[in-house]
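# Survey of secondary and tertiary structure
Letter by letter, the chains look like this.
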Amino acid sequence: MPENNSPLLEFKDVCLQFGEKWALRNVSLTLNPGETRIILGAAGSGKTMLLKAVIGLIPVDSGEICLFGETVTSMQEQQLYGLRSRAGFLFQEGGLFDSLTIGENVEYPLLNRQAEDGKDKISEEDAEKRVREALRFVELEQTFHQFPSEVSGGMRRRVGIARAIVTEPPLVLYDSPTAGLDPITANTIMALIAKERDTKNSASLIVTHRYQDGEIMANFRYGEGEELHPVQDGHESKEWEERTKFIVMKDGEIVFLGTRDELEASEDNYVRRFVRKET
Ligand SMILES: Nc1ncnc2c1ncn2[C@@H]1O[C@H](COP(=O)(O)OP(=O)(O)O)[C@@H](O)[C@H]1O
Ligand SMILES: [Mg+2]
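Residues numbered from 1 in each chain as written. Chains lettered and ligands numbered in written order. Predicted model: local features only at pLDDT ≥ 70, side-chain atom pairs only at ≥ 80, totals over all residues. Heavy atoms only, no water.

## A closer look at the site of ligand 1
Note the cut-off: Definition of nearness: a residue and a molecule or strand are near each other if at least one heavy atom of the residue lies within 4 Å of the molecule or strand. Polar contact criterion, stated in full: a pair of N or O atoms within 3.5 Å, where within protein one must be able to donate a hydrogen and the other to accept it, and residues adjacent in sequence count only if both atoms are side-chain atoms. Only the protein chains shown count as covering a residue, and every accessible area follows the Shrake-Rupley method with a 1.4 Å probe. A helix here means a DSSP run of H or I that spans at least four residues, while a strand means a run of E at least two residues long, and both kinds are numbered starting from the N terminus.
The immediate surroundings of ligand 1 are formed by Phe 18, Lys 21, Ala 23, Ala 42, Ala 43, Gly 44, Ser 45, Gly 46, Lys 47, Thr 48 and Met 49. Note that an oxygen atom of ligand 1 is positioned 2.7 Å from one of the backbone N or O atoms of Gly 44. Burial of ligand 1 by the surrounding chains reaches 62%, relative to a free accessible area of 560 Å². Sorting the residues of the shell around ligand 1 by element identifies β2 (21-31) and α1 (47-54) as the ones contributing at least two each.

Here is the structure:
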């Protein structure tokens, strides 16, 4: 668990190079419970590497990364397994196992987690209950016995979300959750991600190419009545603005970090490429 004042996640001057190419260049950021960072940037700008570095899936060259109060950058592979099982991850390509049913796919992190932390084995009954809850959360409980190939691309993405959140992680990493989906399905996915944030107060890092995805996170909240609704102007919107920030990456570097208003006011040509112009 994080110590009293330490953030959930902190990057201090993190660098990673492949030859001459910077994948991460002096990256510093902090993230607290309930906060969201929307990560924008050209292909190859380091977005995926940033997410992978969080859970030590890629070792960095220098700098320090602390997650849940532990120092990822000084951990051995063995210790990293345990830490990883405490964060949720939706991979860029979905990453479901084709040979497992949807229920088994969602159960996977639960089993993995208990194998790592050596706690008492979760009963089959409890595991199934948790899996069904996670599937219900993404409104796909009926697919429990089906295989990934039997459902649509949008449904597979929702299964991926169920798998990412089944352990109730305090931090969820989403790599391009809406890529390749039609706009309506993409909005459904973002609504689920906002619902996860607002019902669990979890922190999230979201890589996306769709500016709209960030707008949904910044301008809507999942409230009473179980619906996504616009954040009210005034106090609530101020607070929300601070909790949802945008990051723009370029050649491994964070060239912008700020609120939606700050992003829209940016005059930097590179940054502007990622902001949808109002028509
Ligand atoms: N295993 C690797 N070997 C060499 N270069 C890599 C490797 N993985 C990533 N890179 C480079 O690191 C940079 C950042 O990659 P990535 O984070 O995947 O970009 P994106 O922003 O598209 O997600 C890219 O230039 C990529 O080519
Ligand atoms: Mg990527």
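## Details of the sheet that holds strand β5 (residues 70-71)
Applied cut-off: Whether two strands pair comes down to DSSP finding at least two bridges between them.
Strand order in the open sheet formed by four strands is β2-β1-β4-β5, with antiparallel pairing between adjacent strands. Of all strands in the sheet, those with a lone pairing partner are β2 and β5, marking the two edges. Of the strand pairs in this sheet, strand β4 (residues 62-67) and β5 are connected by two bridges, and their pairing is antiparallel. Residue pairing in the sheet places Cys 66 in a bridge with Thr 71 of β5.

## With respect to helix α2 (residues 77-84)
Test applied: Any residue under 20% of the maximum accessible area for its type is buried, any over 50% is exposed, and the rest in between are partly exposed; the area is computed with a 1.4 Å probe on protein chains only. By construction, the arc corresponds to the directions joining the helix axis to the C-beta atoms.
Along α2, the positions that sit buried rather than exposed are Leu 80, Leu 83 and Arg 84. End-on view of α2: buried residues confined to an arc of 95 degrees, all on one side of the axis.

## Digging into the domain arrangement of the protein chain
As a reminder of what qualifies: A domain assignment, automatic or from a database, supplies the domain bounds used here. Every residue pair with non-hydrogen atoms within 4.5 Å of one another is taken to be in contact. Buried area: the accessible surface (1.4 Å probe) lost by two parts on joining, summed over both. The salt bridge criterion pairs a side-chain nitrogen of Lys or Arg with a carboxyl oxygen of Asp or Glu, the two atoms within 4 Å.
By domain assignment, the protein chain separates into domain 1 (1-87 + 171-279) and domain 2 (97-168). Each of domain 1 and domain 2 has a C-alpha centre, and these two points are 24 Å apart. Residue-level contacts link 18 residues of domain 1 with 14 residues of domain 2. For the pair domain 1 and domain 2, the summed buried area comes to about 1,300 Å², and 67% of that belongs to carbon and sulfur atoms. Together, Ser 85, Leu 192 and Lys 195 form the three largest contributors to the area buried by domain 1 at its contact with domain 2, with a combined 33%. Taken together, domain 1 and domain 2 are joined by zero salt bridges. At the surface where domain 1 touches domain 2, the tally comes to four residue pairs in polar contact (both at pLDDT 80 or more). For the side of domain 1 that touches domain 2, the elements supplying multiple residues, two or more each, are α2, β7 (171-175) and α6 (183-200). With eight residues, α6 is the largest single contributor of residues to the side of domain 1 that touches domain 2.

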